[in-house]
Amino acid sequence: MKSETNRPAPLKKIKSVNAVLMKYLLLLAFLLIVLVEVICYFIVSNTSKDQANERLMHAGRDVVTYINGNGEGDVSSYIRLYRQEGINVYVLSPDGKILLPSDEASAEGSVVDIESIVKRLGGVQSEGSVLFTEKDKLNYATTVNYSGERSYVLATYSLRLLSHSLRILIIYFCIVGVIVLLVGALISYSISQKLSSGLKNLSTTAVKFSKGDFDVRFANAEYQELADLSDTLNSVRDEVKKSGDFQRELVANVSHDLKTPLTMIKAYASMIREISGNDPEKRDKHLQVIIDEADRLTGLVNDVLSVSKVSSKLDALNLKVFNLTEFLYGIINKFDYLQETQDYKFMVDIDVELYTRADAEKIGQVIYNLLGNAVNYTGEDKTVYISLKSSLTDDRIRFSVKDTGKGISKEDLHEIWDRYYRVKENHSRPVKGTGLGLNIVKIILQNHSFDFGVESDIGKGSLFWVDFPSVSKNIEVKN
């Protein structure tokens with residue numbers, strides 16, 4: 001039975017930004033249109049019904065007032081005025097016969113069931129009025145004294161007229177909704193094209209960049225997010241270009257540094273075979289040169305390997321407590337040959353019995369590289385200042401090494417920790433290097449989470465510093 005865990009996940013369908021933007025913008029427009037039109041419909045419907053109720057009651061009361069004030073008068077003419085608004089007003093006898101308007105008085109029967117009106121009014125002797133709906137009509141009924149007897153006034157309004165008006169309103173809403181939706185579609189298309197055009201430009205530029213064109217520039221779009229992306233891609237382009245330049249420089253440096261010792265090894269090996277093979281003194285001297293050059297090659301390869309290892313964190317930190325004072329003196333002693341042969345001076349200010357917790361081997365690389373860097377770039381006085389001082393306030397140990405060289409400009413200061421970087425100037429290099437030293441220092445100290453930095457003044461030299469944690473001699477270490 002095959003395992004299901006190794007089955008590749010199904011590929012997601014790739015979607016167009018334009019299609020997605022238009023889809024959601026149109027959906028939003030449609031929902032807004034429906035919401036607004038539904039709200040408007042209910043507002044208009046309820047308002048129309050309220051106005052019809054109010055107008056119907058007003059018509060019935062007006063007729064009652066007219067009859068009470070003018071007697072029998074020309075009530076029919078007054079009633080006909082309301083028919084122009086779609087309101088029918090009738091004066092009914094107690095048995096339901098139409099008394100007014102006069103042109104319908106001869107009609108037999110009643111407009112509505114008189115018993116229904118009496119019942120709704122609460123009885124024959126009841127006074128008052130009632131508003132009710134019956135048979136697709138809105139009705140208003142009340143009592144009145146007409147021709148000396150108790151009669152009824154009935155005002156009616158056909159709800160079909162209102163329904164017809166609302167249907168027309170719905171048709172108008174649909175027409176307006178379609179027009180708004182079409183306009184929304186055009187606006188959505190315009191917006192999606194405008195947004196996606198910036199992405200397409202970035203994509204086109206990125207393709208050129210991926211093919212090795214480092215002179216491309218990612219256009220800064222008018223939208224903040226795309227502008228931020230453009231700035232980020234421009235920064236990536238600059239870093240990749242810089243990394244490419246540094247790698248070419250490294251190849252040139254390593255090629256030169258490899259070529260010289262290899263040439264020396266081959267030359268002295270030939271000399272041993274042809275000249276000094278039987279002369280012990282010359283043979284030993286030539287063999288020592290071969291050994292020294294082989295050591296240079298080993299150092300060069302170790303530098304390159306160190307960068308690869310610490311960058312990929314292949315080397316786990318082996319933390320332990322050790323005497324940093326004695327450790328530092330041990331590394332300084334390795335530079336004694338420079339004091340004896342080339343008149344270098346090391347001015348030290350080191351506190352005694354300072355302990356820290358770190359990976360001693362990697363910290364040795366840090367200190368050696370910083371001292372070698374100071375030796376390479378110090379001034380004509382060939383003086384290097386080394387300090388290791390304890391801080392009584394925050395349990396830290398500050399290590400610093402200062403040279404008296406030309407210093408580093410502010411433009412170069414933030415780049416000196418980069419891989420392959422080396423300040424371009426002519427100077428003697430008593431300690432051979434590849435431009436990887438400070439990058440190794442940076443990665444190791446970052447892996448330890450130690451604070452470090454550099455201070456430099458043009459013409460006065462540079463000072464590199466590292467803060468180590470100060471610990472007790474007997475503290476236990478847990479990796």
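Residues numbered from 1 in each chain as written. Predicted model: local features only at pLDDT ≥ 70, side-chain atom pairs only at ≥ 80, totals over all residues. Heavy atoms only, no water.

A. Quick peek at the overall build of the chain. For the chain, the count of helices and strands is 11 helices and 12 strands. The 479 residues of the chain split such that 37% are buried. Pairs at least 24 residues apart make up 66% of the contacts formed inside the chain by residues separated by at least 6 positions. Of the roughly 29,100 Å² that the chain leaves accessible, carbon and sulfur atoms contribute 56%. (Helix = DSSP H or I, 4+ residues; strand = E, 2+ residues; numbered from the N terminus. Buried < 20%, exposed > 50% of the residue type's maximum accessible area, 1.4 Å probe, protein only. Contact = heavy atoms within 4.5 Å. Areas by Shrake-Rupley, 256 points an atom, 1.4 Å probe, with all protein chains shown as cover.)

B. Expanded view of the side chain of Asn373. Residue placement: Asn373 occurs in helix H9 (residues 360-377). For Asn373, the contacting residues outside a window of four places in its chain are Leu438 and Phe464.

C. Inspection of helix H2 (residues 75-83) at higher detail. Within the span of H2, buried status applies to Val75, Ser76, Ile79 and Tyr82. For H2, the buried positions fall inside an angular range of 110° around the axis, keeping them on one side. (Arc of directions from axis to C-beta.)

D. Region of interest: a nonpolar patch on the surface. Side chains of Val20, Tyr24, Leu27, Phe30, Leu31, Val34, Val38, Phe42 and Leu181 sit close together on the surface and give an oily, nonpolar patch of about 770 Å² of accessible area. Broken down by element, the residue count for the nonpolar patch peaks at eight residues, all from helix H1 (residues 17-70). Topologically, Leu27 is positioned in helix H1. (Patch = residues over 30% accessible without salt bridge, like charges linked within 9 Å, V, L, I, M, F, W, Y side chains within 5 Å. Salt bridge = Lys/Arg side-chain N within 4 Å of Asp/Glu carboxyl O.)

E. Spatial organisation of the nonpolar core. In this structure, Leu370, Ile386, Phe399, Val401 and Phe464 are the most contacted members of the largest nonpolar core, which totals 39 residues. For this core, the secondary-structure elements that each account for two or more residues are helix H7 (324-333), strand E7 (345-350), H9, strand E9 (383-391), strand E10 (396-403), helix H11 (437-448) and strand E12 (461-469). For this core, the leading source of residues is H9, giving eight residues. If we skip the residues at most four places from it in the chain, Ile386 touches Leu328, Ile332, Phe346, Met347, Val348, Asp349, Leu371, Phe399, Ser400 and Val401. Counting residues in each nonpolar core, the second largest holds 24 residues, with Leu56, Ile67, Ile87 and Val153 among its members. (Core = buried A, V, L, I, M, F, W, Y, C linked by side-chain atoms within 4.5 Å.)

F. Structural context of the pattern of salt bridges. Counting across every chain of the model gives five salt bridges. With its nearest N and O atoms 2.8 Å apart, the salt bridge here joins Asp351 to Lys389. Of the two residues, Asp351 sits in the loop between E7 and strand E8 (355-358) while Lys389 sits in strand E9, which places them 38 residues apart along the sequence. Residue class for Asp351 comes out partly exposed when judged on its relative accessible area of 22%. Where salt bridges share partners, they join Asp349, Asp351 and Lys389 into one cluster.

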